Each structure stands twice: as C-alpha cells, then as structure tokens.
Amino acid sequence: TRCSRDWSSDVCSSDLAAAYTRIGEIQGDNFNANLGNVDDALKNFDKALALTDAVLVSDPKNYQARKQKAITSHFKGRILLSQLKQAEALKLYEQTGRVGEELLRERPGDEDLRRWVGESYIGVGLIRRELSDFSAATQAATRGLAVLQELAATRKADGELRYLILAGTGALGNYELLERK
C-alpha cells in the first residue's frame, strides 16, 4: 500500500484524516444514519483537522489536505449547528465555502467538493437567517444554489441533490421576503 513505508508522509496523513472524518460521520452526522455518538464524532473531526493542519504546515498548497479540511469543517459545522452553536458552525461553514471556492478554481470538475461547498453556503444562509441577517442569508443561499445547480447539470439522477436544491430554493424565497420587511 502507499502508506506501508512511511505513515508520517503527507499522503498517509491525508488518508488518515479522511478516515477520521468518515468515522465521525458514522458516529454522529445528524443528517444521515449514525450511531448517535456526537461527542466522539467531534473528537474524530478534530483529529482529522489536526492532521490536515500538520500537512498544510509543510505543504500549504496540498490540494488533498485543503479539500479534506474543508469537508471535515463542513461536517463539524453540521453537528455544531444541531447543537445550536451558531457562531462556531458559521465560522466552519464560511471557511468551507471560502477554501472550497479556491479549490474549485484549481479543479472545477471536483464534484464531491462542489457538493460540500454548496451545502456549506446553504448552511451559512440558515444561520444568517436565524441571526436576522436576511441580506447575508440571501447572498449565501444564492451562492450555494448556484454551486449546486452546476453540479446538478452532471448528476441528473441524484435525487438527494435535487431535494437539496429544491429546499434551498424555497428557503431563498423566504429570505428574500424577510429581507423586504
């Protein structure tokens, strides 16, 4: 295997970070079936983020580590949002959007990343709405929908994606109405 000789390599650290993220999803991602162990999920997300940060210290342009950090931040943000820790979730969702946009400029065909970036912007919109910042909610939801619609052009049979776009479109309409009041 590619990590059989040097577990401290950037490739192995990125692979291990992806594994910690996946374990965290299974333990406590409240948007999917999970084991209900949110505390351990957050610990595994933190381990994944520490590993990606270590890779980025030695190689700040490492695409895989930056992508993994964005995806892990998104999942951690989901849990924090469900715990009503809006400020922390907002920071992570915004980070995912910002870093993800940079990465998509480098590799516009990265469909997995595109999905997490779009979902993160939708999350920013939800939090901004709760904070009564309707203009920022509208902007974030609009950006998230644009990113997701680009993805939908290539994934016409993806029902979950179509539902997400539909839900985001409905939320956007509500933000726009609230913004006008």
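Residues numbered from 1 in each chain as written. Predicted model: local features only at pLDDT ≥ 70, side-chain atom pairs only at ≥ 80, totals over all residues. Heavy atoms only, no water.

Engineer: Mind showing me how you'd approach the overall build of the protein here?
Structural biologist: When helices and strands are counted, the protein shows seven helices and zero strands. Reading the helices (α) and strands (β) of the protein from amino to carboxyl end gives α-α-α-α-α-α-α. In terms of overall dimensions, the protein has C-alpha extents of about 60 × 35 × 30 Å along its principal axes. Here the analysis covers contacts within the protein between residues at least 6 apart in sequence; of these, 59% occur between residues at least 24 apart. Entry remark: accessible area of the protein is about 9,600 Å², with carbon and sulfur atoms responsible for 53%. Between the averaged position of the 26 positive side-chain charges in the protein and that of its 26 negative side-chain charges there is a distance of 1 Å. (Helix = DSSP H or I, 4+ residues; strand = E, 2+ residues; numbered from the N terminus. Contact = heavy atoms within 4.5 Å. Areas by Shrake-Rupley, 256 points an atom, 1.4 Å probe, with all protein chains shown as cover. Lys, Arg positive; Asp, Glu negative; His and termini not counted. Charge placed at Lys NZ, Arg CZ, Asp CG, Glu CD.)

Engineer: Explanation requested: the environment of isoleucine 165 in the structure shown.
Structural biologist: Locating isoleucine 165 in the fold gives a position in helix α7 (residues 159-180). By relative accessible area, which is 12% here, isoleucine 165 ends up buried. As for isoleucine 165 and isoleucine 23, which are separated by 142 residues in sequence, their C-alpha atoms are 27 Å apart. In this structure isoleucine 165 touches Leu145, Leu148, Gln149 and Ala152, once residues within four positions along its chain are discounted. (Buried < 20%, exposed > 50% of the residue type's maximum accessible area, 1.4 Å probe, protein only.)

Engineer: Could you clarify how one ought to interpret the side chain of serine 73 in this entry?
Structural biologist: Within the fold, serine 73 resides in helix α3 (residues 63-82). When sequence neighbours within four positions are dropped, the list of residues in contact with serine 73 reads Leu49, Leu92, Gln95 and Thr96.

Engineer: Would you take a moment to explain the nonpolar core for this structure?
Structural biologist: For soluble globular proteins, nonpolar side chains are generally found buried alongside one another. In terms of nonpolar packing, the biggest core is built from 16 residues, with Phe45 and Ile127 touching the most fellow members. Counting only elements with at least two residues in this core, the list comes to α2 (38-58), α3, α4 (86-106) and α5 (111-130). Top contributing element to this core by residue count: α3, with five residues. (Core = buried A, V, L, I, M, F, W, Y, C linked by side-chain atoms within 4.5 Å.)

Engineer: What is the right way to look at the packing of aromatic side chains in this model?
Structural biologist: Each aromatic ring pair is described using two quantities: the centre-to-centre distance and the angle formed by the ring planes. Within the structure shown, the criterion is met by two aromatic pairs. Pairing phenylalanine 45 with phenylalanine 75 gives two aromatic rings, centres 6.3 Å apart and planes at 15°, and the pair type is stacked. Of this pair, phenylalanine 45 sits in helix α2 while phenylalanine 75 sits in helix α3, and the two are 30 residues apart along the sequence. Members of the aromatic cluster, connected to one another through ring pairs, are Phe45, Phe75 and Trp116. The ring of tyrosine 63 is capped by arginine 107, whose NZ or CZ atom sits 3.8 Å from the centre of that ring. (Phe/Tyr/Trp six-rings, centres within 6.5 Å; stacked < 30°, edge-to-face > 60°. Lys NZ or Arg CZ within 6 Å of the ring centre and 35° of its normal.)

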